[in-house]
Amino acid sequence: MSSRMATVTTPLAEKAEAIFTDLGYVVERDGRELRAQRKWRIVNVTPADEPVTPRGSGEFQCLVTWQEQATEVRERLQRRDPDYEWAVIGIEENGEYEVCHAPDANVSA
């Protein structure tokens, strides 16, 4: 299975962009990916309708998916045990969201 296989819908990407913008990041689109930057921190954001694994480049990675997919995405990343800090954001249709960080991640905004 390809780690880049994902069908991205505009609403999910827009919700991801809105979340990071609300958190004070400047967000740029790079094809399917988003690049969120605040101060020195750059987060590669991957909006994905289905469970995927983000590309391995970059120090900070965030997968944004629908809430019902978030647990599977988180478990897939935990099994992969990547060498970068990561988070999964599960978004509900109403715009509410929950963030799950990597185990033992020292995350500071």
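Check the entry above for the structure.
Remember, it's a predicted structure, so these values are computed and weren't measured experimentally.

Participant: Which residues make up unusual backbone geometry, and what values do they have?
Facilitator: The residue lysine 39 is not glycine, and still its phi comes out positive at about 55 degrees. Considering the arrangement of structural elements, one finds lysine 39 in the loop between β2 (33-38) and β3 (41-47). Classification of lysine 39 as exposed rests on a relative accessible area of 73%. Even without being glycine, aspartate 81 reaches a positive phi, approximately 50 degrees. Examined against the element boundaries, aspartate 81 turns out to sit in the loop between α2 (67-80) and β5 (85-91). The class for aspartate 81 is exposed, based on a relative accessible area of 61%.

Participant: Would you mind going over the pattern of salt bridges in detail, with residue names and values included?
Facilitator: A full pass over the atoms with the stated rule returns three salt bridges. Note that arginine 35 is salt-bridged to glutamate 28, the shortest N-O span being 3.8 Å. Judged by its relative accessible area of 29%, arginine 35 is partly exposed. Look at glutamate 28 and you get partly exposed, because its relative accessible area is 43%.

Participant: Residues and numbers for the pairing of strand β4 (residues 60-66), please.
Facilitator: Regular strands show a simple pattern: their side chains alternate between the two faces of the sheet. Most of β4 sits inside the fold, with seven of its seven residues counted as buried. Pairing analysis gives five bridges linking β3 to β4, with the strands arranged parallel. Among the inter-strand pairings, valine 43 is bridged to a residue of β4, identified as phenylalanine 60. Sheet analysis places β4 next to β5, joined by seven bridges and oriented parallel. Among the inter-strand pairings, tryptophan 66 is bridged to a residue of β5, identified as isoleucine 91.

Here is what the cut-offs are and how they apply
- Residues numbered from 1 in each chain as written.
- Predicted model: local features only at pLDDT ≥ 70, side-chain atom pairs only at ≥ 80, totals over all residues.
- Heavy atoms only, no water.
- Helix = DSSP H or I, 4+ residues; strand = E, 2+ residues; numbered from the N terminus.
- Buried < 20%, exposed > 50% of the residue type's maximum accessible area, 1.4 Å probe, protein only.
- Salt bridge = Lys/Arg side-chain N within 4 Å of Asp/Glu carboxyl O.
- Pairing = 2+ DSSP bridges.

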